[in-house]
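The lines below spell out each chain.
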Amino acid sequence: TSSSFDTGTESTSYTNLEWQPTSQDPSTAIKFQLAANNDNATWNYVGPDGTASTYFTTNGEALPSAFDGNRYVRYKAYLATNNTAQTPSLNSITINSYYW
């Protein structure tokens, strides 16, 4: 789970989610959930359909408009492997946004 990122304004629109490396060993997987709010205290992590049962799994995936209008954002990264000799890797994550 990440720390909070403060965009500095509630007039934020979130566009897409990107991470590096963009591909993993076939025996590993990485997926994400995001949470956003204006109080920096209430964190409900959700995937692309706005529920806790889905995950962002495609690099560059568009973020739903439900995140828009929120100043603070966090992510949870879920890393998994089917082969103990292989480990998924996460070097960086970018939550793209703009202000209106």
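Residues numbered from 1 in each chain as written. Predicted model: local features only at pLDDT ≥ 70, side-chain atom pairs only at ≥ 80, totals over all residues. Heavy atoms only, no water.

Participant: Describe in detail the overall build of the protein chain, supporting the description with residues and values.
Facilitator: Scanning the protein chain from N- to C-terminus turns up zero helices and six strands. Listed N to C, the secondary structure of the protein chain is β-β-β-β-β-β in terms of helices and strands. Its C-alpha atoms give the protein chain a radius of gyration of 14 Å, within 12% of the compact-globule value 13 Å for 100 residues. Dimensions of the protein chain along its principal axes, counting C-alpha atoms only, are 45 × 25 × 20 Å. Accessible surface, the protein chain as shown: approximately 5,500 Å² in total, 45% of it carbon and sulfur. Side-chain charges of the protein chain comprise 4 positive and 8 negative groups, with the mean position of each set lying 9 Å from the other. (Helix = DSSP H or I, 4+ residues; strand = E, 2+ residues; numbered from the N terminus. Rg over C-alpha atoms; globule rule 2.2 N^0.38 Å. Areas by Shrake-Rupley, 256 points an atom, 1.4 Å probe, with all protein chains shown as cover. Lys, Arg positive; Asp, Glu negative; His and termini not counted. Charge placed at Lys NZ, Arg CZ, Asp CG, Glu CD.)

Participant: Just give me the short version of unusual backbone geometry, but keep the residues and values in it.
Facilitator: Cis geometry marks the peptide bond from Gln-20 to Pro-21; its omega dihedral reads -5°. With respect to the helices and strands, Pro-21 occurs in the loop between β2 (12-20) and β3 (28-37). Look at Asn-40: it is not a glycine, yet its phi comes out positive at around 55°. Mapping Asn-40 onto the fold places it in the loop between β3 and β4 (61-62). Given a relative accessible area of 34%, Asn-40 falls into the partly exposed group. (Buried < 20%, exposed > 50% of the residue type's maximum accessible area, 1.4 Å probe, protein only.)

Participant: I'd like to hear about the sheet that holds β3, residue by residue, with values.
Facilitator: Pairing in this open sheet of three strands is antiparallel, and the strands run β1-β5-β3 from one edge to the other. The open sheet has two free edges, formed respectively by β1 (5-6) and β3, since each of these has just one partner strand. Alignment of β3 against strand β5 (residues 72-81), held across 10 bridges, turns out to be antiparallel. Following the sheet pairing, Ala-35 is matched in β5 by Arg-74. (Pairing = 2+ DSSP bridges.)

Participant: Describe the sheet that holds strand β6 (residues 92-99), listing the residues and the values that go with them.
Facilitator: Taken in spatial order, the three strands of this open sheet run β4-β2-β6, and their pairing is antiparallel. Two strands close off the open sheet at either side, each with one partner strand: β4 and β6. Pairing of β2 with β6 involves eight bridges; the strand directions are antiparallel. In the sheet register, Gln-20 faces β6, and the bridge partner there is Ser-92.

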